[in-house]
Structure formats: structure tokens, C-alpha cells
Amino acid sequence: MGLYKYLKENWKKNSSDIIKKNTLQWRKEPVTVRIERPTRLDRARALGYKPKQGIIVVRQRVGRGGRKREAIRSGRRSRHFRHRKVLDMNYQTVAEQRVARKYTNCEVLNSYYVGQDGMNYWYEVILAERVHPNIEADKNLNWITNPSNKGRVFRGKTSSARKSRGLRKKGLGSEKNRPSKSAAYRRKASRKN
């Protein structure tokens, strides 16, 4: 077995103890924290992390529970404007978007789960700086410098977003996922008229 396989096995066996120890410290930290090296090196390497200039790792905290709107607004509200936001996004995608808003010169490569407690989830997000010479010279990472990949996290192009959009599945049962759920809904509505 190689090193990363040992690290993966160790995480599987001791993840609950590791998470319990880490979350005590992470709760006291700010919501978004840039870190020196990944907590789960095996997972980060599998998702494209390389210890080089131009790549950074950020730990993001996301509150658990339903997502409520920021403020209660006065006056009349339409029936669609409810207190609770109905999002078709998982917590991981929300974490990626929050990091992307904070680090505007970087693009989200990928992210992975590192822990949770009763109130929060923590994800580590791997970012690549778009215009860094090291990224432009790297044949495995220079695809992210292409203008078509700008803002990919907000367009549902990352791995976790594609999962929440139902794009990991093909064939029977996923007919309404392509090109998108809203397109399928509009198609259905146009047939009724």
C-alpha cells in the first residue's frame, strides 16, 4: 500500500476521534480560514491539490439546519417569498460559493468534507489562482485559466454542484435533469398550453 492509501485507511478508522478533536478548535476560529496544508492530504491530492504556489486551501464553516432569509421584511410578501430559502444546493456547494466570493482572484478546483458537529459543517476548498505563472505552466491545471471556466462554482460546474444537480446519473430516472431541471419544467408547462 502507498502512503495515501494508509492515510485514507487511517481516516476511515479514526475519523470520529479526529473530527471531535478538531471541531473543538475550529469552532473558535473565523468562518473562513486559509490553511497551510490540507487536513486530509489523500483526499486533497485526489481532487487536484499540489503543494505549489498558486494553489491555496481554505477551510469553510457552514451552519447546519434550514437556510432562512437574512432579514424579515415588512409589507406584503408574495406566497413564494417565504422565510425559508428552498435551495437545490448541498452544503458543500454553499461552502464553495462563499469561499469563491472571498477569494475573487481564484477559481474553485474542488472541495471535500472534513468534519461536522451539531451546529456546523466544515469543508476544505482547493483554489487555483487564475493568472499565476505556475498554474498557467502546469499542463494538468492550466485548463482553469480558460475564460470559459470563470465563475464555474456559481454556474454549478464543480463536482459537488453537479451531484446536487443530478448529473452523476445517466439513463432511466434522470430524464428531467438535462439540460436542467428548470428547462424540463418549462418544457412541461409549454406542453400544457
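Residues numbered from 1 in each chain as written. Predicted model: local features only at pLDDT ≥ 70, side-chain atom pairs only at ≥ 80, totals over all residues. Heavy atoms only, no water.

J.: Could you clarify how one ought to interpret the overall build of the protein in this entry?
T.: Scanning the protein from terminus to terminus reveals 6 helices and 4 strands. For the protein, the α and β elements follow one another from N to C terminus as α-β-α-β-α-β-β-α-α-α. Structurally, the protein occupies a C-alpha span of about 60 × 40 × 35 Å along its principal axes. For the protein, the proportion of contacts with a sequence separation of at least 24, taken over those separated by at least 6, is 60%. For the protein, the accessible area works out to roughly 12,900 Å², and carbon and sulfur atoms hold 49% of it. (Helix = DSSP H or I, 4+ residues; strand = E, 2+ residues; numbered from the N terminus. Contact = heavy atoms within 4.5 Å. Areas by Shrake-Rupley, 256 points an atom, 1.4 Å probe, with all protein chains shown as cover.)

J.: Is there a simple way to think about a positive patch on the surface in this case?
T.: Taken together, Lys5, Lys8, Lys12, Arg43, Arg155, Lys157, Arg162, Lys163, Arg168, Lys170 and Arg178 make up a surface patch of like positive charges. Looking at the positive patch, the elements with two or more residues in it are helix H1 (3-26) and helix H5 (159-164). The element contributing the most residues to the positive patch is H1, with 3 residues. Relative to the helices and strands, lysine 157 is located in the loop between helix H4 (133-137) and H5. (Patch = residues over 30% accessible without salt bridge, like charges linked within 9 Å, V, L, I, M, F, W, Y side chains within 5 Å. Salt bridge = Lys/Arg side-chain N within 4 Å of Asp/Glu carboxyl O. Lys, Arg positive; Asp, Glu negative; His and termini not counted. Charge placed at Lys NZ, Arg CZ, Asp CG, Glu CD.)

J.: Just to check I follow, could you spell out the nonpolar core for this structure?
T.: Most often, soluble globular proteins have nonpolar side chains that are buried together. The biggest cluster of nonpolar side chains holds 17 residues, and the ones touching the most others in it are Tyr49, Ile55, Leu109, Tyr112, Ile126 and Ile135. Within the residue set of this core, elements represented by two or more residues are strand E1 (32-35), strand E2 (55-63), strand E3 (106-116) and strand E4 (120-129). When neighbours within four sequence positions are excluded, leucine 109 is seen to be in contact with Gly48, Ile55, Ile126, Leu127, Ala128, Leu141, Trp143, Ile144 and Arg152. Ranked by size, the runner-up nonpolar core spans 10 residues in total, among them Ala100, Tyr103, Cys106 and Val125. (Core = buried A, V, L, I, M, F, W, Y, C linked by side-chain atoms within 4.5 Å. Buried < 20%, exposed > 50% of the residue type's maximum accessible area, 1.4 Å probe, protein only.)

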